[in-house]
Amino acid sequence: MILGIDFGHYSIKIVVIENKKIKTIGEQAIIEDLSLFDPDKLEVSHWVSAFKTLCDNLNINLKKVDSVVSSIDGSKVSIKPMSTLEMEESELIEILNFEAKKHVPLDNSDPVVDYHILGQNVKEIDKIDILLVATTQKIIKAHNLIVKGCNLKNPIFDADPLALLNCYKYNYECLENNVDVLLNIGLMNTTILVYGDNQELFTREIAIAGHHINLDLMKLKNINYGQAEDEKLNDGVNAFEAEESDSDSESIKISQRNILSELSDEIRKTLRYYMKSKAGVSYNKFYISGGLSNMPGLVNFLNTTLNVEFDELNPFNKMDINQEIDNKSKYAVSFGLALREVDKD
């Protein structure tokens, strides 16, 4: 039995796979009372308590779990495609460690490096293509405290963007000389991932997501965090339509809508940057996932402002699930994590 766990800032999401079939899935909020919610003040005990509650609700017996896969937030991980000369592994590790120091967060701890050899470089036959994944010891230790607190044995650590990619590759195919765009919007970050067969993987983290929308609603309407969350989920984009109770209301409304425009602008900049760096490549499909993907009006807003058409990324497109789910796409990361060990199940 495989346990894929997405330790998010808003909730924990679990996908359990057994005998290559989905046994159960579920979600548990980290904090029940959101009125005073502050993601910067979350402690290990919050995740541990939510995890144990979720396991009880789903009747998960941890003693029967064979593999546990969890992931680290994409903003805390550097994922970098690179090419290098073929060499001994010890020498390669030394080079990758040096490269990692340029990209990982500066937190006064040493980098932790993993890599995957993609194959021979198509342009330079004496080089190999590598996918470098790096974080820091401090980040690993912080994540491991949560995992240990949940009494999980021998966990495998992954990265959110790679889990998202794993989910996509299992369910969809990309046309030759085309790339697909994956947009995963969570509470703290929005992940953009561009992928195509024989194309260099591209990822970027944008620090605009559900949390920042809540903060703007709090300022606009003088409400607490929980009320802002409710308005965001119920009214969606229209929650920013302030009542014109005074002469400044229109200017406030225009200002507050900018948080969604900022998100759209950052996505547009990213797509333009990628396309300028690639010749003979076209965008094919656009997929959206994550907890915020079903915010009313958001997909239409992004479709209109970016002139594209987003489809929901369905993690269970090829693996049946016998549960009613309000937003399947929010399980994209947890399902991608569980898939990592499916062939070993």
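Here the structure is shown first, and the text comes after it.
Remember, predicted model here, so these are calculated numbers, not experimental data. (Residues numbered from 1 in each chain as written. Predicted model: local features only at pLDDT ≥ 70, side-chain atom pairs only at ≥ 80, totals over all residues. Heavy atoms only, no water.)

Regarding a negative patch on the surface
A contiguous patch of negative charge on the surface is contributed by E88, E89, E91 and E94. With respect to the helices and strands, E91 occurs in helix α2 (residues 89-100). Under the relative-accessibility criterion, E91 is labelled partly exposed at 45%. (Patch = residues over 30% accessible without salt bridge, like charges linked within 9 Å, V, L, I, M, F, W, Y side chains within 5 Å. Areas by Shrake-Rupley, 256 points an atom, 1.4 Å probe, with all protein chains shown as cover. Salt bridge = Lys/Arg side-chain N within 4 Å of Asp/Glu carboxyl O. Lys, Arg positive; Asp, Glu negative; His and termini not counted. Charge placed at Lys NZ, Arg CZ, Asp CG, Glu CD. Helix = DSSP H or I, 4+ residues; strand = E, 2+ residues; numbered from the N terminus. Buried < 20%, exposed > 50% of the residue type's maximum accessible area, 1.4 Å probe, protein only.)

A short note on the sheet that holds strand β7 (residues 127-136)
As a general point, the strands of a sheet are linked pairwise by backbone hydrogen bonds and lie either parallel or antiparallel. Pairing is antiparallel across the open sheet formed by three strands, whose spatial order is β5-β7-β6. For this open sheet the edge positions go to β5 (78-85) and β6 (111-120), each flanked by a neighbour on one side alone. Strand after strand, the sheet turns through a mean of 25° between neighbouring axes, direction not considered. Sheet analysis places β6 next to β7, joined by nine bridges and oriented antiparallel. Looking at β7, one finds that Y115 is bridged to L132. This element, α2, spans β5, β6 and β7 of the sheet and lies at about 120° to β6. Relative to the sheet, helix α3 (residues 137-149) contacts β6 and β7, its axis offset from that of β7 by approximately 60°. (Pairing = 2+ DSSP bridges. Axes fitted to C-alpha atoms, helices over the stretch in contact; angles between N-to-C directions. Contact = heavy atoms within 4.5 Å.)

Describing the packing of aromatic side chains
Inspection of every chain in the model, using the stated rule, returns 14 aromatic pairs. One aromatic cluster is present, built from ring pairs that chain together F202, Y273, Y274, Y283, F286 and F310. (Phe/Tyr/Trp six-rings, centres within 6.5 Å; stacked < 30°, edge-to-face > 60°.)

Here we look at the sheet that holds strand β3 (residues 21-29)
Sheet architecture is open: five strands sit in the order β3-β2-β1-β4-β8, paired in mixed fashion. At either end of the open sheet lies a strand with only one pairing partner, and these are β3 and β8 (156-159). Taking each pair of neighbouring strands and ignoring which way they run, the sheet shows an average axis angle of 20°. Note: strand β2 (residues 11-18) against β3, eight bridges, orientation antiparallel. Residue pairing for β3: S11 is matched across the bridge by A29. Strands in contact with α3 are β1 (2-7), β4 (67-72) and β8; relative to β4, the strand with the most contacts, it is inclined by about 135°. Here helix α10 (residues 332-339) sits on the sheet and contacts β1, β2, β3, β4 and β8; the angle it forms with β1, its principal contact strand, is near 145°.

Considerations on the side chain of T84
With respect to the helices and strands, T84 occurs in strand β5. Residue classification places T84 among the buried residues on the basis of a relative accessible area of 10%. Contact partners of T84, with chain neighbours within four places excluded, come to L92, D126, K127, I128 and I130.

A look at α10
A turn of α-helix holds 3.6 residues, and therefore any two residues three or four places apart point the same way. By the criterion of burial, α10 is predominantly enclosed, with eight of the eight residues buried. Among the residues making up α10, those that are buried are A332, V333, S334, F335, G336, L337, A338 and L339.

Observations concerning the packing of helix α8 (residues 258-276) against helix α9 (residues 298-306)
Their axes nearest at 10 Å, the elements α8 and α9 cross at an angle of 50°. The angle between α8 and α9 falls in the class oblique. The hand of the α8/α9 crossing is right-handed. Taken together, the residues of α9 that come into contact with α8 (itself represented by L260, S261, S264, I267 and R268) are L298, F301, L302, T305 and L306. (Parallel < 35°, antiparallel > 145°, perpendicular 65-115°, else oblique. Left-handed = near helix turned anticlockwise from the far one by under 90°.)

What about the state of the cysteines?
Scanning the entire structure with this criterion turns up zero disulfides. Left unpaired, C150 is separated from the closest cysteine sulfur, that of C55, by 7.6 Å. Classification of C150 as buried rests on a relative accessible area of 1%. Take C167: it sits in no disulfide, and the sulfur closest to it among the cysteines is that of C174, at 15 Å. For C167, a relative accessible area of 0% translates into the label buried. (Disulfide = S-S within 2.5 Å.)

Interpretation in functional terms is not warranted from these geometric data alone.
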